[in-house]
Structure formats: structure tokens, C-alpha cells
Amino acid sequence: MGSIRLGIISSAGNIIPNPKIRQFTKYYPEVNIQITDANTFSLINKLNNNLLDLAIVRPPFNMQGLATKQICKDRMVAVANPQYFALPKGKLSLKEISQQPLILYRRFESMFNESFAQNGLRPFYAVKCDDARTAIHWADQGMGVALVPQSIGQVFSDQQLRLVDYSRWDTQTMVVWRKDQPVKPIVDKFIQAL
């Protein structure tokens, strides 16, 4: 029946696979899905070089030449091991977040820095890394408090999660593909299932 070359960011968490994708694979059992795990920028590069049919990514990124469809919105959460860091109950303010030793997933570094600076806050980044799963693992081990999208925090951490009460940090997950190339019918059906 064909194949789908799909790029997925590590922070997609529990967004995919989902019940609609499972239904898609039942209806098209002979479709082979080839997954490439990478960050947004690497996936966009692979898409532009025709190494992928579509990619699941998070903005911001250069959308020139790409068709996009939003899959879902995602809140930012703080992940912490309560043995080492007792976070206040309920949603956390920027001020409360800035008082913790933070584990930074670099994908959001400029957004975080801008928000903290605008609010006169100076956070301490105890750890910086390039993968949300790494940030969560280090938080689980008591090395600080990780800031990651909720969808991946729920999947990869057994520790406490607290929503960050700052809507400017809400992020979204999108599926993207090239506008200048025809979309294979099976890829189009997959996009619709998302």
C-alpha cells in the first residue's frame, strides 16, 4: 500500500500515536510508517530536502513553503522530584518558577529568557539540554525543576507536575508538509487522521 516518512519531535509526548492513528493503521494495515526522531529544525531541514513526507513539530520555525495544520495546544509544566524540590500546590507563577534551579530544554530558551526579563526575574539554569526527555530524566533524578510541554511531562515523568500559570508559554504541536509537492493520497489520509 505504501509508506509514510514521518518526522516526530521528542516533545510530542502522548499526542501521537493516538486512537485515530491506531484506527488508520487498522484500516490501512499494509502502510509502513518510517519514523525519524529529531528536533523541529532538523525535521524541517529533512522535509525541505525531501527526506520526509511530513513532520510533527512545534513553532516557532520558518513556515515558508510549508503547509501546516495544528494538532493541539499544550501547556508548559514544571517537573520536579518532591524528594528534592517541593513545589507549591496549584499553578505556578513566573516568580515561583524563577526561584527554582531550572533544567532548560533549549528549544524554549529564548521564550523563557524574554519572559523572565520582561518580568524583572533572573532565573538560574542548573542544567541545559537539547531533548525534553533528558530534561525530565534529570528532574526525576533531583537535579532541578524541568520546564517542558505537558504532553511529554505526563508520559515520561512519574514525579510531580505543576502547570505554569503563564499563557505566553503555551505551545502548540503542528503537522507540516511541503506546499510545492503533491501529497501522496495515503499521506493525506494520515494528515486527516491527525
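Since we're looking at a predicted model, the values are computed, not measured. (Residues numbered from 1 in each chain as written. Predicted model: local features only at pLDDT ≥ 70, side-chain atom pairs only at ≥ 80, totals over all residues. Heavy atoms only, no water.)

J.: Looking at this structure, how should I read the overall build of the chain?
T.: When its secondary structure is counted, the chain shows seven helices and 10 strands. The C-alpha atoms of the chain give a radius of gyration of 18 Å, which matches the 16 Å a tight globule of 194 residues would have. Looking at the chain as a whole, 48% of its 194 residues are labelled buried. When the accessible area of the chain is evaluated, it comes to approximately 10,000 Å², of which 48% is carbon and sulfur surface. Once the 23 positive and 15 negative side-chain charges of the chain are each reduced to a mean point, those two points are 3 Å apart. (Helix = DSSP H or I, 4+ residues; strand = E, 2+ residues; numbered from the N terminus. Rg over C-alpha atoms; globule rule 2.2 N^0.38 Å. Buried < 20%, exposed > 50% of the residue type's maximum accessible area, 1.4 Å probe, protein only. Areas by Shrake-Rupley, 256 points an atom, 1.4 Å probe, with all protein chains shown as cover. Lys, Arg positive; Asp, Glu negative; His and termini not counted. Charge placed at Lys NZ, Arg CZ, Asp CG, Glu CD.)

J.: What's the story with the sheet that holds strand β7 (residues 124-129) in this structure? I'm lost.
T.: Backbone-to-backbone hydrogen bonds join strands into a sheet, with any given pair of strands oriented parallel or antiparallel. Pairing is mixed in the open sheet, where five strands are placed in the order β7-β6-β8-β5-β9. Edge strands, defined here as strands with exactly one partner in the open sheet, are β7 and β9 (160-163). If you compare each strand with its neighbour and ignore which way they point, the axes differ by 30° on average. Two strands pair when backbone bridges link them, and strand β6 (residues 101-105) and β7 are joined in this way by five bridges, in the parallel orientation. Note on β7: the bridge partner recorded for I103 is V127. Across the sheet, helix α5 (residues 132-140) is in contact with β5 (76-80), β6, β7 and β8 (145-149); its angle to β8 comes to roughly 145°. (Pairing = 2+ DSSP bridges. Axes fitted to C-alpha atoms, helices over the stretch in contact; angles between N-to-C directions. Contact = heavy atoms within 4.5 Å.)

J.: Could you clarify how one ought to interpret the side chain of Q100 in this entry?
T.: Its place among the elements puts Q100 in the loop between α3 (94-98) and β6. Not counting residues within four places of it along the chain, the set of residues in contact with Q100 comprises F85, L87, F124 and V145.

J.: What is the right way to look at the environment of S11 in this model?
T.: Mapped onto the elements of the fold, S11 is located in the loop between β1 (2-8) and α1 (19-27). Once you skip the residues sitting within four places of it in the chain, S11 turns out to touch R58, Y105, A132, P149, S151 and I152.

J.: Just checking my understanding: could you explain the nonpolar core for this structure?
T.: It is characteristic of soluble globular proteins that their nonpolar side chains tend to be buried jointly. Grouped together as the largest cluster of nonpolar side chains are 33 residues, with contacts concentrated most on I97, F112, F116, L147, V148 and W169. Elements represented by at least two residues in this core include exactly β5, α3, β6, α4 (109-118), β7, α5 and β8. Setting aside chain neighbours within four positions, we find I97 in contact with A78, L92, L102, F116, L147 and V164. Counting residues in hydrophobic clusters, the runner-up holds 32 residues, among them A38, L52, L54 and V176. (Core = buried A, V, L, I, M, F, W, Y, C linked by side-chain atoms within 4.5 Å.)

J.: Honestly, the pairing of β9 in this entry has me stumped. Any pointers?
T.: In regular strands, side chains alternate between the two faces of the sheet. Burial along β9 is one-sided: the residues Q160 and R162 are buried and none of L161 and L163 is. When β5 meets β9, the two strands line up antiparallel, connected through four bridges. Within the sheet, the bridge partner assigned to V77 lies in β9 and is L163.

J.: How should I be thinking about the environment of Q99 in this particular structure?
T.: Along the chain, Q99 falls in the loop between α3 and β6. C-alpha separation for the pair Q99 and D170, spaced 71 residues apart in sequence, amounts to 20 Å.

J.: What's the story with α4 in this structure? I'm lost.
T.: Think of an α-helix as 3.6 residues a turn; residues three or four steps apart then line up on the same face. Restricting attention to buried positions, one finds in α4 the residues F112, S115 and F116. What you see down the axis of α4 is that its buried residues fit within an arc of 95°, all on one side. Summarising the geometry of α4, the exposed residues directed more than 90 degrees from the buried face are S110, E114 and A117. In the core, the buried residues of α4 are packed alongside β5, α3, β6, β7 and β8. G120 sits one or two residues past α4 and shows a positive phi near 65°. (Arc of directions from axis to C-beta.)

Interpretation note: all reported values are geometric properties and have no functional meaning in isolation.
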